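Structure at a glance
Residue-level listing of the chains:
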Amino acid sequence: MPRANRRRRDEVPLNLDRAVGGAPRRERYAGGEWFVRRVTGASSQRSYLCPGCQQQIPPGVPHVVAWPADGLGGIDDRRHWHGTCWSARERRQPGGSYR
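So, here is what we can say about the structure in this document. The residue numbers shown here count from 1 along each chain, following its written sequence. This being a predicted model, a pLDDT of at least 70 is required before a residue's local features are given, and a value of 80 or more before pairs of side-chain atoms are given or counted; all residues contribute to the totals for chains, interfaces and linings. To obtain the side-chain values, all non-hydrogen atoms of the structure were included, while hydrogens and water were left out.

1. Describing unusual backbone geometry
- With a phi close to 60°, Gln-54 is a non-glycine residue in the positive phi region.
- Working definition: helices are DSSP H or I runs of at least four residues, strands are E runs of at least two. Numbering for both runs from the N terminus. With respect to the helices and strands, Gln-54 occurs in the loop between β3 (48-49) and β4 (56-57).
- Here's how the labels work: a residue is buried when its accessible area is under 20% of the maximum for its type, exposed when over 50%, partly exposed in between, all with a 1.4 Å probe on protein chains only. Overall, the relative accessible area of 35% leaves Gln-54 in the partly exposed class.

2. Concerning the sheet that holds strand β5 (residues 63-68)
- Pairing between strands is defined by DSSP: at least two bridges between the two strands are required. Taken in spatial order, the four strands line up as β1-β2-β5-β6 in an open sheet, and their pairing is antiparallel. Each edge of the open sheet carries a strand with a single partner, namely β1 (25-29) and β6 (79-81). This sheet shows a mean twist of 35° between the axes of neighbouring strands, independent of strand direction.
- Sheet topology places strand β2 (residues 32-39) next to β5; six bridges connect them, and they run antiparallel. Across the sheet, residue Trp-34 finds its bridge partner in β5, namely Pro-68. The convention used is that axes are lines fitted to C-alpha atoms, helices contributing only their stretch in contact, and that angles between N-to-C directions extend from 0 to 180 degrees.

3. Some remarks on the environment of Ser-44
- Summarising the element assignment, Ser-44 is placed in the loop between β2 and β3.
- The contact criterion used throughout is that any non-hydrogen atoms of two residues lie within 4.5 Å. Sequence-distant contacts of Ser-44, that is, excluding residues within four places in its chain, are made with Pro-59 and Gly-60.
- Whenever a nitrogen or oxygen atom comes within 3.5 Å of another N or O atom, the pair is scored as a polar contact, on the condition that within protein one atom can donate a hydrogen and the other can accept it, and that pairs from neighbouring residues in sequence are kept only if both atoms are in side chains. Among the polar contacts made by the side chain of Ser-44, one reaches the main-chain carbonyl oxygen of Gly-41 at a distance of 2.9 Å.
- In terms of polar contacts, Ser-44 uses its side chain to reach the backbone amide nitrogen of Gly-60, at 3.0 Å.

Take it as geometry only, folks, not as evidence of what the structure does.
See the structure below:
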């Protein structure tokens with residue numbers, strides 16, 4: 001007996017993080033504006049130290065990259081955070097320098 005085709009559900013809510021992909025957003029943190037981009041981790045070749053929890057982010061793990069929006073500084077001012085640590089950034093003080 002042939003299988004009945006199922007209708008596609010169009011009521012699925014739009015996931016904005018997925019829709020904008022790697023487009024940076026502006027967010028406030030530590031008294032300043034920061035550009036924030038979520039990355040899949042697929043292209044990362046090295047591990048990073050998360051300033052929120054002081055734990056390693058291994059290569060290939062999705063995470064958040066944040067850098068100052070004031071335009072001052074360079075590539076060394078980028079910080080790689082676990083997604084959950086970035087979400088809790090106001091409750092967690094970085095163990096090291098965050099800028």
